[in-house]
Amino acid sequence: MQNFSFHTHTVGFDGRNTEAQMVEQARALGWSKIGFSNHFIVCPYIKETKLYEAALQRGYEKIYSSSFEEAIEKFKPHYERIDELKAKTGFPIYKGMEVDFFRDNEWREGFEKAVEILKPDYLIGSAHFVSANHTLYNTHDLKNASKEEQNLLLHKYYQNVRSAAGSGLFNFLAHVDLMKKVGLGLEKEWIDEERQTVEAIAKAGARVEINTSGFKLAYGEPYPSKRILSLLAQYNVPVIISDDAHDVGRLGDQFDKAEQMAHELGIKKFYDPFEAPAQFSLMNDREI
């Protein structure tokens, strides 16, 4: 069974435990390593999302930034703590980010500059937001939207996932059917959209996580669904298991169940960004 996680969150962002507490638990579990991937969400109009006030009440202002400069300043002390903890413990700890991808050249230019400054070890691509009609929507905003609006934004969501896969920026993609969280995209009418997305992921040579936090939803499936996992198997896309842990109790949560499901559905490639002896370029993961 996979004995590490690279999709985790800590205090100072939207997690509930410190880096030291997470590392202590990882060692107690007998893990070989751990990575921290707090949210890196930068958009100049992020505070205009419909759900922003509710997000503030939950303390999410810590993970939303209106500028790259603001996000960089949030990450600097976090990365310093990781470096200190790694030196103190000798345990393999990696500095990552869960990055909200925006299809915008100006965003990409700013992001690449931020990466040059912060020098993360790995990047996870995600899409919690969809932009349409000059409005930025959080996934949760869509719960009470009209059916027409939901369908439009779900199409745009999958376009974002495909673009993130093709960008060459990320080591792997997080929860590619996140809209399932608010009950969207479950119908069979979305199978073609899912297939297009998996084809794009495979063509780009990207990887996808199996996110066990999805098991707590009513559908009893991880992110992505069994339907998408079957497509990933068909297109031979490598996967990595993630717990999306926001506290120590979630580290490694239901990894056995996810791994068994993956094998039963025919997935053969499992991905570890740090298992190979070769070094990799952060932006395109090509051997150098």
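Values in this document were obtained by computation on a predicted structure and should not be read as measured data.

How do you make sense of the pattern of salt bridges when you look at a structure like this?
If charged atoms from side chains of opposite charge come close, those side chains can pair. Counted according to the given criterion, the structure contains 13 salt bridges. Between Lys74 and Glu70 there is a salt bridge whose closest N-O contact spans 3.6 Å. With Lys74 and Glu70 both in helix α3 (residues 68-89), this residue pair falls four residues apart, about one helical turn. Glu109 serves as the salt-bridge partner of Lys113, at 3.4 Å between the closest nitrogen and oxygen. Of this pair, Lys113 and Glu109 both sit in helix α4 (residues 105-118), four residues apart, which is roughly one turn of the helix. Assessed through its relative accessible area of 49%, Lys113 is described here as partly exposed.

Any chance you could explain the side chain of His246 here in plain terms?
Tracing the sequence through the fold places His246 in the loop between β10 (239-242) and α8 (255-264). Only 3.2 Å separates the side chain of His246 from the side chain of Asp14, close enough to count as a polar contact. Other than its neighbours up to four places away in sequence, His246 contacts His9, Asp14, Gly15, Arg16, Asn17 and His39.

Explain the nonpolar core to me, please; I cannot follow it from the model alone.
One finds Ile34, Phe40, Met97, Phe111 and Tyr157 to be the most contacted residues of the largest nonpolar core, which totals 81 residues. Ignoring any residue separated from it by four or fewer positions in sequence, one finds Met97 in contact with Phe36, Ser37, Asn38, Phe40, Phe75, Tyr79, Phe111, Leu118, Pro120, Tyr122, Leu123 and Ile124. Phe6, Tyr122, Ile124 and Tyr271 belong to the second largest nonpolar core, which has nine residues in total.

Can you walk me through the environment of Ile41 in this structure?
Locating Ile41 in the fold gives a position in strand β2 (residues 39-42). Given the relative accessible area of 2%, Ile41 is considered buried. Distance in space between the C-alpha atoms of Ile41 and Ala127 is 9.6 Å, their sequence separation being 86 residues. Every residue in contact with Ile41, bar those within four places of it in the chain, is listed here: Ile46, Ile63, Tyr64, Ser65, Asp100 and Phe129.

Looking at this structure, I do not really get the packing of α3 against α4. What am I missing?
Relative placement of two packed helices is described by the angle separating their axes and the distance separating the axes. Running from N to C, α3 and α4 cross one another at 25 degrees; their axes reach a closest spacing of 11 Å. If you check the angle between α3 and α4, you find them roughly parallel. In this structure, the crossing between α3 and α4 has a hand that is right-handed. Between α3 and α4, the residues in contact are Phe68, Ile72, Phe75, Lys76 and Tyr79 and Trp107, Gly110, Phe111, Ala114, Ile117 and Leu118, respectively.

Would you explain the packing of helix α6 (residues 191-204) against helix α7 (residues 226-234) in this entry?
α7 packs onto α6 with a crossing angle of 40 degrees between their chain directions and a minimal axis gap of 10 Å. In this structure, α6 crosses over α7, and the sense of that crossing is right-handed. On α7, the residues touching Ile191, Glu194, Arg195 and Val198 of α6 are Arg227, Ile228, Leu231, Leu232 and Gln234.

Sorry, what's going on with the environment of Ala233 here?
Secondary-structure assignment places Ala233 in helix α7. For Ala233 and Ile93, which are 140 residues apart along the polypeptide, the C-alpha to C-alpha distance reads 30 Å. Sequence-distant contacts of Ala233, defined by excluding residues within four places in its chain, comprise Leu265, Gly266 and Ile267.

I would appreciate a short explanation of α4 in the present structure.
An α-helical turn contains 3.6 residues, so a residue and the one three or four places further along point in the same direction. Across its 14 residues, α4 extends 20 Å between first and last C-alpha, which sits within 8% of the 20 Å expected from 1.5 Å per residue. Where α4 is buried, its residues meet β2, α3, β4 (93-100) and β5 (122-126). Sitting at the amino-terminal end of α4 is Asp104, which places a side-chain oxygen 2.9 Å from the backbone nitrogen of Glu106. Immediately beyond the C-terminal end of α4, within one or two residues, lies Lys119, with a positive phi of roughly 55 degrees.

Would you explain the packing of aromatic side chains in this entry?
The relation between two aromatic rings is expressed through the spacing of the ring centres and the mutual angle of the planes. According to the stated counting rule, one finds 19 aromatic pairs in the structure shown. With centroids separated by 6.1 Å and ring planes inclined at 10 degrees, the aromatic side chains of Trp31 and Phe255 adopt a geometry described as stacked. Of this pair, Trp31 sits in the loop between α1 (19-28) and β1 (34-36) while Phe255 sits in helix α8, and the two are 224 residues apart along the sequence. In terms of burial, Trp31 and Phe255 fall into one category: buried. Each ring, one from Tyr122 and one from Phe274, has its centre 6.1 Å from the other, and the planes form 80 degrees; the classification is edge-to-face. Here Tyr122, found in strand β5, pairs with Phe274, found in the segment after α8; they are 152 residues apart in sequence, far enough to count as distant. Look at Phe274 and you get partly exposed, because its relative accessible area is 24%. Put simply, the rings of Phe13, Phe40, Phe68, Phe75, Tyr79, Phe101, Phe102, Trp107, Phe111 and Phe170 touch in pairs and so form one group of aromatic residues.

Can you walk me through unusual backbone geometry in this structure?
Put simply, Tyr223 and Pro224 share a cis peptide bond, and its omega is -5 degrees. Examined against the element boundaries, Pro224 turns out to sit in the loop between β9 (208-211) and α7. Although it is not a glycine, Asp244 adopts a positive phi angle of roughly 50 degrees. Mapped onto the fold, Asp244 is located in the loop between β10 and α8. One non-glycine residue, Gln254, adopts positive backbone phi at about 60 degrees. Tracing the backbone through its elements, the reader meets Gln254 in the loop between β10 and α8. Residue classification places Gln254 among the partly exposed residues on the basis of a relative accessible area of 28%.

Criteria and thresholds
Residues numbered from 1 in each chain as written. Predicted model: local features only at pLDDT ≥ 70, side-chain atom pairs only at ≥ 80, totals over all residues. Heavy atoms only, no water. Salt bridge = Lys/Arg side-chain N within 4 Å of Asp/Glu carboxyl O. Helix = DSSP H or I, 4+ residues; strand = E, 2+ residues; numbered from the N terminus. Buried < 20%, exposed > 50% of the residue type's maximum accessible area, 1.4 Å probe, protein only. Polar contact = N/O pair within 3.5 Å; in protein donor to acceptor, adjacent residues only side chain to side chain. Contact = heavy atoms within 4.5 Å. Core = buried A, V, L, I, M, F, W, Y, C linked by side-chain atoms within 4.5 Å. Axes fitted to C-alpha atoms, helices over the stretch in contact; angles between N-to-C directions. Parallel < 35°, antiparallel > 145°, perpendicular 65-115°, else oblique. Left-handed = near helix turned anticlockwise from the far one by under 90°. Expected span 1.5 Å × (residues − 1). Phe/Tyr/Trp six-rings, centres within 6.5 Å; stacked < 30°, edge-to-face > 60°.

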